Number of protein chains: 2
Amino acid sequence: MVNFADRMSQLKGSEIREFMALTAKPDIISFAGGMPAPELFPVDEVIEAMVTVLKENGQEALQYGTTEGVPRLREQIAERMKAKNNIITDIDHILMTSGSQEGLAFSAQVFLNKGDVVLMESPSYLGAINAFRTCEPNFIDIPTDSEGMLMDELERVLETTKNVKMIYVIPDFQNPSGKTWSLERRKQFMEIINKYEIPVIEDNPYGELRFEGEYLPALKSLDTKGLVVYLGTFSKILAPGFRLGWVCAEESILAKYNFIKQASSLQAPTISMLAASKWIDMFDLDAHVEKIRECYKNRKNTMIDIMRKELPDSCKFTDPEGGLFTWIELPESVNAKELSMKCLAEKVAFVTGTGFYPNGGHENTLRLNYSNMPEEKIVEGMKKLCRIIKENL
Amino acid sequence: MVNFADRMSQLKGSEIREFMALTAKPDIISFAGGMPAPELFPVDEVIEAMVTVLKENGQEALQYGTTEGVPRLREQIAERMKAKNNIITDIDHILMTSGSQEGLAFSAQVFLNKGDVVLMESPSYLGAINAFRTCEPNFIDIPTDSEGMLMDELERVLETTKNVKMIYVIPDFQNPSGKTWSLERRKQFMEIINKYEIPVIEDNPYGELRFEGEYLPALKSLDTKGLVVYLGTFSKILAPGFRLGWVCAEESILAKYNFIKQASSLQAPTISMLAASKWIDMFDLDAHVEKIRECYKNRKNTMIDIMRKELPDSCKFTDPEGGLFTWIELPESVNAKELSMKCLAEKVAFVTGTGFYPNGGHENTLRLNYSNMPEEKIVEGMKKLCRIIKENL
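Residues numbered from 1 in each chain as written. Chains lettered and ligands numbered in written order. Predicted model: local features only at pLDDT ≥ 70, side-chain atom pairs only at ≥ 80, totals over all residues.

Structural notes on the overall build of chain A
- A count of helical and extended segments in chain A gives twelve helices and 15 strands.
- What you see for chain A is a C-alpha radius of gyration of 21 Å, in line with the 21 Å of a compact globule of 393 residues.
- Along the first, second and third principal axes, the C-alpha set of chain A runs to 60 × 55 × 55 Å.
- Each of the 393 residues in chain A was classed as buried or not, and the buried ones make up 56%.
- A sequence separation of at least 24 residues applies to 76% of the contacts in chain A between residues at least 6 apart. (Helix = DSSP H or I, 4+ residues; strand = E, 2+ residues; numbered from the N terminus. Rg over C-alpha atoms; globule rule 2.2 N^0.38 Å. Buried ≥ 20, exposed ≤ 12 C-beta atoms within 10 Å, placed from the backbone. Contact = placed C-beta atoms within 7 Å.)

Observations concerning the sheet that holds strand β14 (residues 351-352) of chain A
Residue and element names in this part refer to chain A.
- Pairing within the open sheet is antiparallel, and its four strands lie in the order β11-β12-β15-β14. One side of each edge strand has no neighbouring strand; the edge strands of this open sheet are β11 (316-317) and β14.
- Where β14 meets strand β15 (residues 365-369), two bridges bridge the pair, whose relative direction is antiparallel. Looking at the pairing, Val-351 lines up with Arg-367 of β15. (Pairing = 2+ DSSP bridges.)

With respect to the domain arrangement of chain A
Residues and elements named next belong to chain A.
- Parsing chain A into structural domains produces domain 1 (6-42 + 287-391) and domain 2 (44-282).
- Placing a centre on the C-alpha atoms of domain 1 and another on those of domain 2 gives a separation of 24 Å.
- At the interface, 33 residues of domain 1 touch 35 residues of domain 2.
- Within the residue set of the side of domain 1 that touches domain 2, elements represented by two or more residues are α10 (285-310) and β12 (325-329).
- Of the residues forming the side of domain 1 that touches domain 2, the biggest block, six residues, is contributed by α10.
- Across the side of domain 1 that touches domain 2, the residue classes break down as 15 nonpolar, eleven polar and seven charged. (Domains from an automatic or database assignment. Nonpolar A, V, L, I, M, F, W, Y, C, P; charged D, E, K, R; others polar.)

Considering the interface of chain B and chain A
- Taken together, the contacts link 70 residues of chain B with 70 residues of chain A.
- Among the elements of the structure, α1 (15-23), α2 (43-62), α4 (100-111), α5 (126-133), α8 (251-265) and α9 (270-282) of chain B are those that each provide at least two residues to the side of chain B that touches chain A.
- It is α2 of chain B that contributes the most residues to the side of chain B that touches chain A, ten residues altogether.
- For the side of chain B that touches chain A, the residue count by class is 37 nonpolar, 22 polar and eleven charged.

What to know about the packing of α10 of chain A against helix α12 (residues 375-391) of chain A
Residue and element names in this part refer to chain A.
- At their nearest, the axes of α10 and α12 sit 9 Å apart, and the two run at 25 degrees to each other. As far as their axial angle goes, α12 and α10 are roughly parallel. The crossing of α10 and α12 is right-handed. Along the contact surface, α10 presents Asn-298, Arg-299, Thr-302, Met-303, Ile-306, Met-307 and Glu-310, while α12 presents Glu-375, Ile-378, Val-379, Met-382, Lys-383 and Cys-386.
- Among the residues making up the contact of α10 with α12, the classes are represented as seven nonpolar, two polar and four charged. (Axes fitted to C-alpha atoms, helices over the stretch in contact; angles between N-to-C directions. Parallel < 35°, antiparallel > 145°, perpendicular 65-115°, else oblique. Left-handed = near helix turned anticlockwise from the far one by under 90°.)

Here's the deal with the confidence of the model for chain A
- Residue-level pLDDT values for chain A average 96, and 98% of them are 70 or greater.
- For this predicted complex, the interface confidence reaches an ipTM of 0.97, while the overall pTM sits at 0.97. (pLDDT = per-residue confidence, 0-100.)

With respect to helix α11 (residues 336-345) of chain A
All names here are of chain A.
- Listed in full, the buried residues belonging to α11 are Ala-336, Leu-339, Ser-340 and Cys-343. Taken end-on, α11 shows its buried residues confined to a sector of 100 degrees, consistent with a single buried face. Exposed and oriented more than 90 degrees from the buried face of α11 are Lys-337, Met-341 and Ala-345.
- Structurally, α11 contributes buried residues whose contacts are with β13 (348-349), β14, β15 and α12.
- Of the residues trailing α11, Lys-347 is marked for its positive phi of about 65 degrees. (Arc of directions from axis to C-beta.)

What to know about the relation of the copies chain B and chain A
- Note on the copies: chain B fits chain A at an RMSD of 0.0 Å, the axial shift is 0.0 Å, and the rotation between them is 180 degrees. What the superposition gives is, in effect, a two-fold axis relating one chain to the other.
- With an isologous cut-off of 70% or more, the 100% of interface residues of chain B that recur at the interface of chain A puts this contact in the isologous class. (Least-squares fit on C-alpha atoms with pLDDT ≥ 70 in both.)

Quick word on the packing of helix α4 (residues 100-111) of chain A against helix α8 (residues 251-265) of chain A
All names here are of chain A.
- It is at 10 Å that the axes of α4 and α8 come closest, and there the two elements cross at 115 degrees. Regarding the angle of α4 to α8, the classification is roughly perpendicular. Read as a crossing pair, α4 and α8 show a hand that is right-handed. Every residue of α8 that contacts α4 at Phe-106, Gln-109 and Val-110 is listed here: Lys-256, Tyr-257, Ile-260 and Lys-261.
- Within the contact of α4 with α8, the residues separate by chemical class into four nonpolar, one polar and two charged.

Some thoughts on the nonpolar core
- Counting residues in hydrophobic clusters, the biggest one holds 168 residues, and the most contacted among them are Val-200, Val-247 and Ala-276 of chain A together with Val-200, Val-247 and Ala-276 of chain B.
- Apart from residues lying up to four places away in sequence, Val-200 of chain B is in contact with Ile-167, Val-169, Ile-193, Leu-219, Leu-227, Val-228 and Val-229 of chain B. (Core = buried A, V, L, I, M, F, W, Y, C linked by C-beta atoms within 7 Å.)

Structural notes on the environment of Thr-67 of chain A
Residue and element names in this part refer to chain A.
- In this structure, Thr-67 sits in the loop between α2 (43-62) and α3 (71-85).
- Under the C-beta neighbour-count criterion, Thr-67 is labelled buried, with 23 such atoms within 10 Å.
- Sequence separation of Thr-67 and Glu-251 is 184 residues, and the distance between their C-alpha atoms is 15 Å.

Some points on the environment of Leu-222 of chain A
Residue and element names in this part refer to chain A.
- Among the secondary structure elements, Leu-222 is positioned in the loop between β8 (200-203) and β9 (228-233).
- Each C-alpha atom, one on Leu-222 and one on Leu-393, is 44 Å from the other, the two residues being 171 residues apart in sequence.
- Not counting residues up to four positions away in its chain, the partners in contact with Leu-222 are Arg-186, Lys-187, Met-190 and Pro-217.

Examining the pairing of strand β7 (residues 164-169) of chain A
All names here are of chain A.
- A large share of β7 lies buried, amounting to six of its six residues.
- Sheet topology note: the strand β3 (residues 117-121)/β7 ladder contains four bridges and is parallel. When the sheet's bridge partners are listed, Val-117 is paired in β7 with Val-164.
- The pairing of β7 with β8 spans three bridges and is parallel. In the sheet register, Val-169 faces β8, and the bridge partner there is Glu-202.
- Since β7 and β8 lie parallel, the crossover through helix α7 (residues 183-196) that links them has a hand, and here it is right-handed. (Right-handed = clockwise from strand over helix to strand, strands pointing away.)

Written out as structure tokens, the structure reads:
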């Protein structure tokens with residue numbers, strides 16, 4: 001009857017979000033989503049910040065604002081990006097978005113015509129793949145090793161492929177693999193990028209959540225040609241319910257994101273922006289992040305320790321240095337979808353890996369989140385999961 | 001250097017939003033934006049609702065939620081749509097968006113391939129034109145009279161045009177013209193739509209802000225074939241700073257909007273949704289809307305009275321029955337852009353009409369907003385504007 005646009009045939013609901021209703025049930029042990037630990041949300045402090053903002057600037061908080069977002073918040077972000085990522089920037093290079101998912105969708109709109117090629121790590125974030133699909137590109141996923149994307153593969157593809165318009169990467173605690181790019185790999189990558197002059201979307205939602213090892217510079221901090229578009233978010237260090245992310249890019253590129261932001265949703269939520277900004281002024285974001293880091297580190301260790309003990313060598317998994325996820329590659333004979341059904345029957349949920357590959361396949365992979373469950377549930381759930389895996393080898 | 005997607009060459013910043021920085025200056029009398037009267041925002045009540053929500057459900061308010069949005073709020077919306085618009089619906093047919101601007105952008109993504117045709121009133125909302133442009137359609141604007149879109153023109157275009165994939169209309173207190181479709185016109189329109197089976201986007205941000213005359217049914221309430229996608233918003237009846245709008249559509253269509261919502265921004269802000277929902281439960285939205293209506297009615301009358309007295313018959317303008325805007329058509333020899341410069345020099349701002357025509361032209365038109373300025377400023381600004389118009393006839 002009604003005709004839909006061609007792009008709709010490519011799009012489907014994310015398995016993760018379809019899962020949310022199911023996994024919200026209290027008796028499910030869920031390693032499926034990418035949700036922060038809600039018990040760490042600074043609820044009382046948010047009340048204080050919110051009341052202060054509404055008393056001081058209630059009319060401003062409830063009104064429309066500019067497309068780019070509240071200046072004080074962008075100033076705080078610029079300061080933080082300098083302190084944490086060594087990125088020298090200022091408020092004129094920062095656009096607030098409704099979560100960094102919007103930054104992903106906007107990137108596709110800014111750079112991709114139908115049929116253009118986007119490169120990404122293999123596997124890569126399912127939500128990014130979905131966001132990019134709205135512009136109907138072709139995807140090429142570049143293999144990775146434990147240090148990140150393979151540079152000779154990247155160069156080979158860049159040399160032999162027309163219409164590569166964008167490269168999407170998550171160098172820190174990647175979603176879904178949990179891997180982190182080495183410094184050497186980051187430098188090599190920027191050399192290649194500078195040679196081909198392809199815009200890079202650096203997605204860094206987890207960078208501050210490092211459990212161990214040395215701080216590694218963001219690609220954006222190594223960017224001498226203005227090719228890197230950096231996406232940040234408050235979802236993992238403060239609260240996703242605010243829906244606050246940002247794009248940091250060179251001016252001529254950011255201007256395009258600004259146009260798309262106007263056309264797509266006018267502006268980020270004023271009340272969220274002012275409340276987050278006030279919270280940062282009133283309280284200690286560093287101390288708060290430290291709490292999150294400590295909690296997730298313990299949860300990660302609990303999860304990894306059980307896999308170390310329980311899983312045979314034929315099952316490979318990442319021991320992440322930070323972030324929210326680990327990733328399992330099972331022997332090729334094992335189907336993660338079937339495992340998932342068996343686990344769900346025992347009230348344990350995870351996301352299968354196929355959706356993280358833009359061109360499918362890899363049915364023997366799965367992603368595990370450890371940020372959203374307390375340790376005792378992680379122990380209980382992982383014991384079940386490891387048993388079910390072993391029964392199916 | 002860097003290549004942008006083709007769509008970017010069509011997109012520019014909205015004159016309205018570019019104006020915002022300028023018109024935010026306190027000495028400017030601005031008829032330019034579409035901002036609500038901030039002094040009517042129920043700030044103290046929002047504080048109460050916000051504190052209650054955060055105390056009762058702080059962790060939920062700060063966490064991710066489902067794509068479609070908070071159930072209680074969608075229930076309240078369904079009840080309100082029944083009471084105010086005679087639309088019988090339920091929460092399964094409502095998707096929360098980040099303002100209804102997102103509903104516009106999503107409509108393009110759901111229905112439009114590059115080169116497809118979208119029909120709209122002439123003139124139409126500039127923000128919708130911009131949102132649709134991201135999908136690179138062709139626009140045909142259908143002439144209107146004082147009762148709305150001209151049906152014989154609509155039929156002629158539908159008969160002779162291939163690939164019409166969507167019709168966008170604002171039947172109540174249209175932005176920018178201030179016009180309202182008559183009941184007869186609404187019925188004729190639905191007959192034609194049912195014959196051609198083209199999806200209709202009914203944008204209704206102002207419907208509740210009726211100053212006088214009888215209530216007219218929404219197109220969606222006359223929709224027997226599930227062809228109308230209804231866009232609603234809290235921006236004009238509660239507060240735009242929450243960024244809360246919604247899409248109400250038949251299930252198979254809403255499923256597509258849901259996929260696009262996931263890909264674009266995951267979900268509307270949880271904290272905004274819960275606070276708005278709590279506000280509606282705790283306070284009286286009807287009484288609040290009545291206050292807004294009374295205020296805007298007085299401001300509208302003030303503005304129109306001055307135009308009646310001051311402008312010669314060669315200047316046509318709408319006396320709107322509700323909403324936020326009126327519209328002036330000057331003699332064709334007068335250029336609104338030049339007027340605008342002269343007015344700005346005297347600290348009065350408005351938006352020229354050209355941008356509201358998807359294919360340009362109509363340089364003798366302009367839009368005036370009356371919701372955002374107190375009456376004494378409206379008097380002062382309109383006297384200047386009318387004098388400058390007369391000097392340029």
